[in-house]
Amino acid sequence: MSHPRVTGVGLTPFGKHSERTGRDLFAEAGLAALDDSGVDPDDVEALFYGNFMGELAEHQGHQAPLMAEAVGLDVPATRFEAACASSGAAVREAVRHLRSGEADVILVGGSERMTNIGTAGATDALSIAADDLYEIRAGMTFPGAYALMARAYFREYGGTREDLAHVAVKNHDHALPNEYAQLRSEITVEDALDAPMVAEPLGLYDACPITDGASAAVLTSAEYAEEHGFDAPVGITGTGQASDRMALQDRDHLLKSPAASKAADEAYADADVGPDDVDVAEVHDCFTIAEVLAIESLGLYEDGEGITAAREGETHVTGEMPVNLSGGLKAKGHPVGATGVAQIASITKLLEGKSSWSDDVDDARVGVAHNAGGTVASATVHVLEVQE
Amino acid sequence: MTDKARDGEYDDLLDAIEDGEGYYVECASGHGWLPPRRVCPDCGSRELTETPFPESGEVATYTTVSVATPQFSADTPYTTAIVDYGPVRVTGLLRGVDPDDIEVGMPVGIEVGERETTGDRAVVFRPR
Ligand SMILES: [Zn+2]
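Residues numbered from 1 in each chain as written. Chains lettered and ligands numbered in written order. Predicted model: local features only at pLDDT ≥ 70, side-chain atom pairs only at ≥ 80, totals over all residues. Heavy atoms only, no water.

## Some remarks on the pattern of salt bridges
Residue and element names in this part refer to chain B.
Step number 1: Applying the stated rule across the entire model yields 30 salt bridges over all chains.
Step number 2: Between Arg 6 and Asp 12 there is a salt bridge, with the nearest N and O atoms lying 2.8 Å from each other.
Step number 3: Looking at Arg 6, the relative accessible area reads 47%, which means it is partly exposed.
Step number 4: One network of salt bridges, in which partners are shared, links Arg 6, Asp 11, Asp 12, Asp 15, Glu 18 and Arg 121. (Salt bridge = Lys/Arg side-chain N within 4 Å of Asp/Glu carboxyl O. Buried < 20%, exposed > 50% of the residue type's maximum accessible area, 1.4 Å probe, protein only.)

Quick look at the structure:
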């Protein structure tokens, strides 16, 4: 099988753009991706677009045709909503369409406008990724949900707030050269430990920031890329998706993410690789504990062993298993609906040798992107590989 | 919230808890859930029986929330806990204990309380 290629990517800078509309954010990213790819916009056959909280943040539903119009495309356009995994789900559908031969060129992407509704508004909007009846009405917030998992994890496997602080410090380090990142500042373990509590045991530095931004990628069939002479060496060779029970209380585990494990197993089998083959990973670290759960779900670490990875330097750019070289959600920022495609963009640039850290991982051939919705009631995993 | 429609089985359950007759639904294989459920998501059974909550459950995990949504702003800091009642786990507000004294495994009973910010009803746990 010839694998779909990532032919071009585009991002807005991630950060606080309170006064910019979602459609303007997406137009910037989408046009950047088209320009980066060199693809004739008339060849684009569909837009698959991720967005989570547009109704709450902008009073705007039915966003997909609006976004197609914003990038100058007159194509069938569909919005994907899977909370924070919205654009990961969009990528997966694009890959399946391209593989089936139904299309040769698809624009995927996502955008989210969040800072215009303030911290309280964004906390409210994010919370609706949980079960309204049985979680939100019991005061569960998005950080609160991960705090519940963190405590369960600590109790079962051990681990401390300091271990989590090392995840934050590492991801801030990684974001320093990333011109698209929201938080480009070095922090210390002490900074993280001294920060105000959000939902005990998680503090402010355990949480990703609230972010405005958009992402886009032009995915094409390998045949189309070759026929048109595009330089697109990175293919998406594996895709996986899984769901879990919506509410934490109804899960088999409070300290694991089985949906992510299932999605990873499917993606690895699809790509015919295993966790040992992975050179670099972008994982969904909406909270520091989420990175720990993610690297265990992906099989990069055994259950209970991911907690020390950052402290030991293993997941740092200088370590054996670099994780979140973009800065992750923690430091790059997390414009919810844009995150899944932004991860694909980061891995692609890294494997192409065009990212700030590429020289530090110059033999990397296999990357994995892990995108999670809510408390991982939705998960998508994609394997990207440099093609011969 | 006077003209807000009831949320069916959810509000029925809260009524029952208020009357001291709280229940969950359970399939023959012992998988427990909160209503509404027409089918057990674990085994597919459609034969679900209302079963009374045991006298007390055990705190499985908890967090004290400082940054809340606007619907809970006046409740902060408050503690949300997931409590194990055997076949079913329930999420609610843990009250009547200092956050520093909460322990996983602590026995708690279930009742219905009022949210300070909005006056809405909520599932509340108290130490037994
Ligand atoms: Zn059952």
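Now, onward.
## Some details on the interface of chain B and chain A
Step number 1: Contacts between chain B and chain A engage 34 residues on the former and 29 residues on the latter.
Step number 2: Here chain B is connected to chain A by two salt bridges.
Step number 3: For Asp 7 of chain B, the salt bridge identified is with Arg 137 of chain A, shortest N-O distance 2.6 Å.
Step number 4: At the junction of chain B and chain A, the tally comes to 15 residue pairs in polar contact (both at pLDDT 80 or more).
Step number 5: Listing elements by their share of the side of chain B that touches chain A, those giving two or more residues are helix H1 (8-18), strand S4 (57-65), strand S5 (78-84) and strand S6 (89-94) of chain B.
Step number 6: For the side of chain B that touches chain A, a count of residues per class yields 19 nonpolar, nine polar and six charged.
Step number 7: Direction of pairing for strand S5 (residues 197-200) of chain A relative to S4 of chain B: antiparallel, over a ladder of two bridges. (Contact = heavy atoms within 4.5 Å. Polar contact = N/O pair within 3.5 Å; in protein donor to acceptor, adjacent residues only side chain to side chain. Helix = DSSP H or I, 4+ residues; strand = E, 2+ residues; numbered from the N terminus. Nonpolar A, V, L, I, M, F, W, Y, C, P; charged D, E, K, R; others polar. Pairing = 2+ DSSP bridges.)

## Focus on the confidence of the model for chain B
Parts of the prediction with low pLDDT should not have their coordinates interpreted in detail.
Step number 1: Averaged over every residue, the pLDDT of chain B is 96; the share at 70 or more is 98%.
Step number 2: For this predicted complex, the interface confidence reaches an ipTM of 0.97, while the overall pTM sits at 0.97. (pLDDT = per-residue confidence, 0-100.)

## Digging into the coordination of the zinc ion
All names here are of chain B.
Step number 1: Protein ligation of the zinc ion involves Cys 27 (SG), His 31 (ND1), Cys 40 (SG) and Cys 43 (SG), the donor distances falling in the range 2.1 to 2.3 Å.
Step number 2: Its four donor atoms give the zinc ion angles of 98 to 120° at the centre, a pattern that matches the tetrahedral case.
Step number 3: If you list the donors of the zinc ion from N- to C-terminus, the spacing comes out as C-x3-H-x8-C-x2-C. (Donors = N, O, S within 2.8 Å, 3.2 Å for Na, K, Ca; no water. Tetrahedral: all angles 85-135°; square planar, octahedral: opposite > 155°, others 65-115°.)

## Let's talk about the packing of helix H1 (residues 22-37) of chain A against helix H3 (residues 63-70) of chain A
Residues and elements named next belong to chain A.
Step number 1: In the contact formed by H1 and H3, the axes pass within 8 Å of each other and the chain directions differ by 50°. Classified by the interaxial angle, the pair formed by H1 and H3 is oblique. Our pair here, H1 against H3, has a crossing hand that is right-handed. Seen from H1, the contacting residues are Gly 22, Arg 23, Phe 26 and Ala 27; seen from H3, they are Leu 66, Met 67 and Ala 70.
Step number 2: Of the residues assigned to the contact of H1 with H3, the class counts are five nonpolar, one polar and one charged. (Axes fitted to C-alpha atoms, helices over the stretch in contact; angles between N-to-C directions. Parallel < 35°, antiparallel > 145°, perpendicular 65-115°, else oblique. Left-handed = near helix turned anticlockwise from the far one by under 90°.)

## Some thoughts on the sheet that holds strand S1 (residues 23-26) of chain B
All names here are of chain B.
Step number 1: One open sheet holds the three strands; their spatial order is S2-S1-S3, and the pairing between them is antiparallel. If you trace the sheet from one side to the other, it starts and ends with strand S2 (32-33) and strand S3 (49-52), each paired once.
Step number 2: Relative to S2, S1 is paired through two bridges, and the arrangement is antiparallel. Bridged to Glu 26 within S2 is Gly 32.

## Side note on unusual backbone geometry
Step number 1: Omega for the bond connecting Pro 35 of chain B with Pro 36 of chain B falls within 30 degrees of zero, at 0°, which places this linkage in the cis form.
Step number 2: Omega for the bond connecting Thr 76 of chain B with Pro 77 of chain B falls within 30 degrees of zero, at -15°, which places this linkage in the cis form.
Step number 3: Looking at the element boundaries, Pro 77 of chain B is found in the loop between S4 and S5.
Step number 4: In this structure, His 59 of chain A takes a positive phi of about 55° despite not being glycine.
Step number 5: Residue position: His 59 of chain A is located in the loop between helix H2 (54-58) and H3.
Step number 6: His 59 of chain A sits in the exposed class, given a relative accessible area of 74%.

## Examining the pairing of strand S11 (residues 378-386) of chain A
Residue and element names in this part refer to chain A.
Step number 1: Of all nine residues that make up S11, eight are buried, and the element is covered over most of its length.
Step number 2: Where strand S8 (residues 234-243) meets S11, nine bridges bridge the pair, whose relative direction is antiparallel. From the neighbouring strand, Gln 241 faces S11, where its bridge partner is Thr 380.
Step number 3: Across eight bridges, strand S10 (residues 366-373) lies against S11 in antiparallel orientation. Bridged to His 370 within S11 is Val 381.
Step number 4: The hairpin formed by S10 and S11 contains four residues between the paired strands, and Gly 374 there has a positive phi angle of roughly 60°.

## Quick look at the environment of Leu 350 of chain A
All names here are of chain A.
Step number 1: Position of Leu 350 among the secondary structure elements: in helix H13 (residues 339-352).
Step number 2: Separated by 17 residues in the primary sequence, Leu 350 and Gly 367 have C-alpha atoms spaced 8.8 Å apart.
Step number 3: With residues up to four places along the chain from it excluded, the contact list for Leu 350 reads Val 280, Leu 325, Ser 355, Trp 357, Ser 358 and Val 361.

## A closer look at the packing of aromatic side chains
Step number 1: Under the criterion given, the structure shown has 12 aromatic pairs over all chains.
Step number 2: Taking the centre distance of 5.3 Å and the plane angle of 70° together, the rings of Tyr 134 of chain A and Tyr 10 of chain B count as edge-to-face. Here the residue Tyr 134 of chain A occupies a position in the loop between helix H5 (118-127) and helix H6 (142-157), and Tyr 10 of chain B occupies one in helix H1, the pair thus bridging two chains. Both residues of the pair, Tyr 134 of chain A and Tyr 10 of chain B, belong to the buried class.
Step number 3: Every member of this aromatic cluster is reached through a ring pair, and the members are Tyr 24, Phe 53, Tyr 85 and Phe 125 of chain B. (Phe/Tyr/Trp six-rings, centres within 6.5 Å; stacked < 30°, edge-to-face > 60°.)

## Examining the nonpolar core
Residue and element names in this part refer to chain A.
Step number 1: Counting 75 residues, the largest nonpolar core has Tyr 146, Ile 289 and Leu 300 as its most contacted members.
Step number 2: Top contributing element to this core by residue count: H6, with 10 residues.
Step number 3: In this structure Leu 300 touches Tyr 268, Pro 275, Val 278, Ala 281, Ile 295 and Met 321, once residues within four positions along its chain are discounted. (Core = buried A, V, L, I, M, F, W, Y, C linked by side-chain atoms within 4.5 Å.)

## Things to note about the packing of H6 of chain A against helix H11 (residues 288-297) of chain A
All names here are of chain A.
Step number 1: Between H6 and H11, the least distance of the axes is 10 Å, while the angle of their chain directions is 65°. Two packed elements cross with a definite hand, and for H6 against H11 that hand is left-handed. Residues Tyr 146, Met 149, Ala 150 and Tyr 153 of H6 form the contact with H11, whose participating residues are Ile 289, Ala 290, Val 292, Leu 293 and Glu 296.
Step number 2: Residues of the contact of H6 with H11, tallied by class, amount to eight nonpolar, no polar and one charged.

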